[in-house]
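# A closer look at the structure
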Amino acid sequence: MAEKSQVTRADRKAELISELAWSRAEMSRDLHDARNDLDLVAHLKHSVVQRKTIWLTGAAVAGWVLSRLPVRRKKSEPKALHVSVSRKSTERNGMLLAILGALFSMFRPVLTALATRKISELAARQGGDWRNPPR
């Protein structure tokens, strides 16, 4: 009887091993099929190659339809927010800016000398070396 149980165990083990191998092969095949089914790029390429005229006609129609859509206009702001600027005030502001620019150009040497003197006084108060302040 011990031999009979040993034989049945060996047979059962071999049966389980073959069943496991078959199951793995089937799972591998199913996984391969699923990958092929989910490969959208390959399906699209195949479809374009097989039905080239349909795809080109569809692209042309879609382009024509999109070109016929109305253009979106920029939304205007409410009237209360618009500030009306008269031509006189614009000219006056332009002249004012031109005069201020000319005055700054004339007084630039004076402003530079004043700034230099103030910086040198500050440096003298801090021990002469303004780049490395005392700690």
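Details of the structure are given in the entry above.
Residues numbered from 1 in each chain as written. Predicted model: local features only at pLDDT ≥ 70, side-chain atom pairs only at ≥ 80, totals over all residues. Heavy atoms only, no water.

## Regarding the overall build of the protein chain
Condition: Runs of H or I in DSSP of at least four residues are treated as helices and runs of E of at least two as strands, each being numbered from the N terminus. With a 1.4 Å probe rolled over the protein chains alone, any residue whose accessible area is under 20% of its type maximum counts as buried; one over 50% counts as exposed, and the rest are partly exposed. Per-residue and other accessible areas follow the Shrake-Rupley method at a 1.4 Å probe size, with only the shown protein chains counted as cover for residues.
When helices and strands are tallied, the protein chain shows 4 helices and 0 strands. In the protein chain, the order of α-helices and β-strands from amino to carboxyl end is α-α-α-α. Looking at the protein chain residue by residue over its 135 residues, the buried ones come to 2%. Surface accessibility of the protein chain: about 13500 Å² in total, with carbon and sulfur atoms responsible for 63%.

## Focus: the pattern of salt bridges
Under the convention used in this document: Any carboxyl oxygen of Asp or Glu within 4 Å of a side-chain nitrogen of Lys or Arg constitutes a salt bridge here.
For the coordinates displayed, the defined rule picks out 2 salt bridges. With a shortest N-O distance of 3.2 Å, Glu15 and Arg12 are connected by a salt bridge. Taken as a pair, Glu15 and Arg12 lie in helix α1 (residues 2-38) at a separation of 3 residues, close to a single helical turn. Note that Arg117 is salt-bridged to Glu121, the shortest N-O span being 4.0 Å. Here Arg117 pairs with Glu121, and both are found in helix α4 (residues 87-125), just 4 residues apart, close to one helical turn.

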